[in-house]
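# Fold and geometry: a report
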Amino acid sequence: MKIPNRIQPLVDDGLIDDVLQRLKSGKEADVYTVLCGDKINCAKVYKEASQRSFKQAVQYQEGRKVRSSRNTRAMQKGSKFGRKQQEETWQMAEVEALFRLANAGVRVPQPYLCVDGVLLMELVTDAEGGVAPRLSDVTLTEECAVADFHTMIRNIVRMLCAGLVHGDLSEFNVLLDAQGPVIIDLPQAVDAAANNHAQAMFERDVNNITAYYGQFAPQLLQTRYAKEIWMLFEDGKLTPETPLTGLFVEEVHEVDMDSLMDEIITAEDDYYERQRAARERDDE
């Protein structure tokens, strides 16, 4: 096929020998299979901000570190240079997340390099050597669903222990190879400790995965892993091997309504008394 303009520099530099096919056109990137020597890899070509449907929402940017204060100021001003830096930060977030998660034992594609908005990484394949399907495209037995669900939960735990929350995890962002699920698409990954939206994103990620596997194993829908895992994380008790139960009982505090109403009435009385006193001072 014709070599895309964004990939051509990597071909010129000898990093890629040929482009075989386009695998998909996603909301933030186009993905191609490419030949590197005698090995088939994957090239993810990020789209420009104006072409992406997945916007760089503020909640995903919160807590990300930019190495240069000059770059930070430029990004805040929205200058041309700042927009360029913002694009590079968005792209490098996935590269850095992939390296960090791979080192933490999370099942993700092995990244190789990122040059001018093109991420070169491992091609995830199925048992026959073909391109691995997404979870959304497969049907599972109840037994496989339960086994893969617990594998996913353990990967999500490892991810959180590495300090990251995927932020957009669902059956559309997980591939299924011969060994099980592989997590993909991480440009929006957030810092679990520095982002105020991290807990809500984490719970949404876990609930999405639970709902998917729950189609094939309905008993999984009764689990409460999201809240259990996050509580352990907040308490500093979460490790990659922490035993989990899938159970969580939220603390319920009874409200003394009589005392609450007394406080409200007292506050109202104090307010009107201050208003009356103020009027009297104005009349003097």
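Going by the structure above, here's the rest.
These figures come from a predicted structure and were not determined experimentally. Once a new chain begins, its residue numbering starts again from 1 and follows that chain's sequence as written. This being a predicted model, a pLDDT of at least 70 is required before a residue's local features are given, and a value of 80 or more before pairs of side-chain atoms are given or counted; all residues contribute to the totals for chains, interfaces and linings. Computation of side-chain values covers all heavy atoms of the structure but excludes hydrogens and water.

## Remarks on the overall build of the protein chain
Note the following rule: Comment: elements are numbered from the N terminus, with helices defined as DSSP H or I runs of at least four residues and strands as E runs of at least two. Categorising residues by exposure relies on relative accessible area from a 1.4 Å probe, with only protein chains included: less than 20% of the type maximum marks a residue as buried, more than 50% marks it as exposed, and the intermediate range marks it as partly exposed. For accessible areas, the Shrake-Rupley method is used with a probe of radius 1.4 Å. Any residue's cover is judged against the shown protein chains and nothing else.
The secondary structure content of the protein chain amounts to eight helices and nine strands. Buried positions account for 43% of the 284 residues belonging to the protein chain. Total accessible area on the protein chain stands at roughly 16,000 Å², and carbon and sulfur atoms take up 49% of it.

## What to know about the packing of aromatic side chains
Rules: Paired rings are identified among Phe, Tyr and Trp, the last through its six-membered ring, by centres lying within 6.5 Å, and are further divided according to the angle between planes into stacked (under 30 degrees), edge-to-face (over 60) and tilted (the rest).
According to the stated counting rule, one finds six aromatic pairs in the structure shown. Ring centres 5.5 Å apart and planes at 45° place the aromatic pair Phe202 and Trp230 in the tilted group. In this pair, Phe202 sits in helix H6 (residues 198–214) while Trp230 sits in helix H7 (residues 225–234), placing the two residues 28 residues apart along the sequence. No difference in accessibility class separates Phe202 from Trp230, as the two residues are buried. Their ring planes at 75° and their centres at 5.0 Å tell us that Tyr212 and Tyr213 sit as a pair that is edge-to-face.

## Here we look at the packing of helix H5 (residues 142–161) against H7
Where we set the bar: Each axis is a line fitted through C-alpha atoms, taken for helices only over the stretch in contact, and angles between the N-to-C directions span 0 to 180 degrees. Comment on the angle field: the value is read as roughly parallel under 35 degrees, roughly antiparallel over 145, roughly perpendicular from 65 to 115, and oblique elsewhere. Crossing chirality is assigned from the near helix's rotation relative to the far helix, an anticlockwise turn below a right angle marking it left-handed and a clockwise turn marking it right-handed. In what follows, a contact means two residues having at least one pair of non-hydrogen atoms within 4.5 Å.
The interhelical angle for the contact between H5 and H7, taken along N-to-C directions, is 25°, at an axis separation of 11 Å. Considered as vectors, H5 and H7 are oriented roughly parallel to each other. The hand of the H5/H7 crossing is right-handed. Within the contact between the two elements, H5 uses Phe149, His150, Ile153, Val157 and Leu160 and H7 uses Tyr225, Ile229, Trp230 and Phe233.

## Let's talk about the nonpolar core
Put simply, the rule reads: Among buried residues, those of type Ala, Val, Leu, Ile, Met, Phe, Trp, Tyr and Cys that are joined through side-chain atoms within 4.5 Å constitute a nonpolar core. Each domain's extent was defined by an automatic or database domain assignment.
With 52 residues, the main nonpolar core has Val165, Tyr213 and Ile229 as its most contacted residues. In terms of residues, this core owes the most to one element, H5, which gives eight residues. In this structure, this core is formed jointly by two domains, domain 1 (1–48 + 79–123) and domain 2 (126–252), each of which donates at least three residues. In contact with Val165, other than residues within four places in its own chain, are Met159, Leu160, Ala189, Val190, Ala192, Ala198, Met201, Phe202, Asp205 and Trp230. Formed by twelve residues, the second largest nonpolar core is a distinct cluster that contains Val19, Val34, Ala43 and Val118.

## Re H7
Buried within H7 we find Tyr225, Ala226, Glu228, Ile229, Trp230 and Leu232. Two residues or fewer after H7 comes Gly236, characterised by a positive phi angle close to 75°.

## Observations regarding H6
Defined as follows: What a helix should span is 1.5 Å times the count of its residues minus one.
Over its 17 residues, H6 runs 24 Å from end to end, which matches the ideal 24 Å to within 8%, given 1.5 Å per residue. If you check which residues of H6 are buried, you get Ala198, Met201, Phe202, Glu203, Asp205, Val206, Ile209, Thr210, Tyr212, Tyr213 and Gly214.

## Here's the deal with a nonpolar patch on the surface
Operational definition: Candidates for patches are residues over 30% relative accessible area with no salt bridge; among them, like charges are joined within 9 Å and nonpolar side chains (Val, Leu, Ile, Met, Phe, Trp, Tyr) within 5 Å. Any carboxyl oxygen of Asp or Glu within 4 Å of a side-chain nitrogen of Lys or Arg constitutes a salt bridge here.
A surface patch of nonpolar side chains, about 350 Å² in accessible area, is lined by Met257, Met261, Ile264 and Ile265. Structurally, Ile265 can be placed in helix H8 (residues 257–283).

## Points about the sheet that holds strand S2 (residues 29–36)
Worth spelling out the cut-off: In this description, strands pair whenever DSSP reports at least two bridges between them.
Strands sit in the order S1-S2-S3-S5-S4 across an open sheet of five strands; the sheet is antiparallel. Both edges of this open sheet fall to strand S1 (18–25) and strand S4 (111–115), since each of them pairs with a single strand only. Neighbour-to-neighbour, the strand axes of this sheet turn through a mean angle of 25°, independent of strand direction. Note: strand S3 (residues 39–46) against strand S5 (residues 118–122), five bridges, orientation antiparallel. Counted as the bridge partner of Ala43 is Leu120 from S5.

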